[in-house]
Amino acid sequence: DAGVIQSPRHEVTEMGQEVTLRCKPISGHDYLFWYRQTMMRGLELLIYFNNNVPIDDSGMPEDRFSAKMPNASFSTLKIQPSEPRDSAVYFCASSFTDRGLADTQYFGPGTRLTVL
Amino acid sequence: DAKTTQPPSMDCAEGRAANLPCNHSTISGNEYVYWYRQIHSQGPQYIIHGLKNNETNEMASLIITEDRKSSTLILPHATLRDTAVYYCIDSTVGDDKIIFGKGTRLHILP
């Protein structure tokens, strides 16, 4: 398997623009997670899905952020409008949860977002 | 917030065993201890997990104290490629998500 795939790997945009980050989870995994990492706040969970349904979006910072998972092999994280404080590395992870455990999560390489 | 406590940084000589401690004094009976690491510019990587017995895999060993209030991750022969931030996490059965703390930044010295 190719692992979790994220695109783009780097994104530079100007304040006010819409940004869309994409993720393809590992085939067969039923959980998908979006994280954000900054030096100040570390690795934060933004939202996660189970079987394409959003389960917990309490980590989404504000209404400018939205996430969708239209099918089992694709998810997007959208920021509209983007602000400089959104600059961070955004990671997508997927897992196959068995026995009710928060099982091993496999992370993608991340998207480094810079908002000017 | 993360429920574990780890030292912010540690040094280890190349070729020696790296022992990374973690305190999880509030851990409950159905919570597992997970370890992940994050090499610079990469996503976190799963290492190992355990409930109460010691565990070993091809990457590391996990030693959990009898009272389960602390654990130690052991990298038996550290190499420069083991330089990373190591995260210790406790996770409850039935929880879908894990919460990352600040971790321990491990420096392997040549």
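Quick note: structure is the one above.
Residues numbered from 1 in each chain as written. Chains lettered and ligands numbered in written order. Predicted model: local features only at pLDDT ≥ 70, side-chain atom pairs only at ≥ 80, totals over all residues. Heavy atoms only, no water.

*Asks:* Would you mind showing me how to read the layout of surface pockets here?
*Replies:* It is the rolling of a water-molecule-sized probe over the atoms that shows where space remains empty. In this structure, the largest pocket encloses a volume near 860 Å³. Lining the largest pocket are 31 residues, and of these Gln37 and Met39 of chain A together with Gln38, Tyr87 and Arg105 of chain B sit closest to its centre. Grouping the constituent residues of the lining of the largest pocket by class yields 12 nonpolar, 14 polar and 5 charged. (1 Å grid on protein atoms, 1.4 Å probe; cavity = no way out; pocket = protein on both sides within 12 Å on 5 of 7 lines; lining within 4 Å. Points joined across faces, edges and corners; volume = space filled by probe spheres on them. Nonpolar A, V, L, I, M, F, W, Y, C, P; charged D, E, K, R; others polar.)

*Asks:* Where do I start with the sheet that holds strand E7 (residues 70-75) of chain B in this structure?
*Replies:* Adjacent strands of a sheet form backbone hydrogen bonds with each other and so pair up, either parallel or antiparallel. Residue and element names in this part refer to chain B. An order of E2-E7-E6-E5 is seen for the 4 strands of this open sheet, with the pairing classed as antiparallel. Strands with a single pairing partner mark the edges of an open sheet, and in this sheet they are strand E2 (18-23) and strand E5 (55-56). Pairing analysis gives 4 bridges linking strand E6 (residues 61-64) to E7, with the strands arranged antiparallel. By the bridge assignment for E7, isoleucine 63 is matched with threonine 72. (Pairing = 2+ DSSP bridges. Helix = DSSP H or I, 4+ residues; strand = E, 2+ residues; numbered from the N terminus.)

*Asks:* I would appreciate a short explanation of the pattern of salt bridges in the present structure.
*Replies:* Oppositely charged side chains are able to pair whenever their charged atoms sit close together. All chains considered together, the criterion is met by 11 salt bridges over all chains. For aspartate 90 of chain B, the salt bridge identified is with lysine 3 of chain B, shortest N-O distance 3.7 Å. Separated by 87 residues along the polypeptide, aspartate 90 of chain B in strand E8 (residues 84-92) and lysine 3 of chain B in the segment before strand E1 (9-13) bring together distant segments of the chain. According to the relative accessible area criterion, aspartate 90 of chain B is buried, its value standing at 9%. Connected through salt bridges with shared partners, the residues Glu62, Arg64, Glu83, Arg85 and Asp86 of chain A form a single ionic network. (Salt bridge = Lys/Arg side-chain N within 4 Å of Asp/Glu carboxyl O. Buried < 20%, exposed > 50% of the residue type's maximum accessible area, 1.4 Å probe, protein only.)

*Asks:* Help me out: how do you make sense of the sheet that holds strand E7 (residues 65-71) of chain A in this one?
*Replies:* Residues and elements named next belong to chain A. Strand order in the open sheet formed by 4 strands is E1-E3-E8-E7, with antiparallel pairing between adjacent strands. The strands lining the two open edges of the sheet, one partner per strand, are strand E1 (5-7) and E7. On average, each strand axis in the sheet is inclined to that of its neighbour by 15 degrees, with strand direction left out of account. Relative to strand E8 (residues 74-79), strand E3 (residues 19-24) runs antiparallel, the two sharing 5 bridges. Bridge pairing in E8 places threonine 20 opposite lysine 78. (Axes fitted to C-alpha atoms, helices over the stretch in contact; angles between N-to-C directions.)

*Asks:* Before we go on, may I ask you to explain the packing of aromatic side chains in this structure?
*Replies:* The description of an aromatic ring pair rests on the distance of the ring centres and on the angle between the ring planes. All names here are of chain A. A complete count under the given rule lists 13 aromatic pairs over all chains for this structure. On the numbers, 5.2 Å between centres and 40 degrees between planes, the contact of tyrosine 35 with phenylalanine 107 is tilted. In this pair, tyrosine 35 is assigned in strand E4 (residues 31-38) and phenylalanine 107 in strand E10 (residues 106-107), connecting sequence segments 72 residues apart. What makes tyrosine 35 buried here is its relative accessible area of 1%. (Phe/Tyr/Trp six-rings, centres within 6.5 Å; stacked < 30°, edge-to-face > 60°.)

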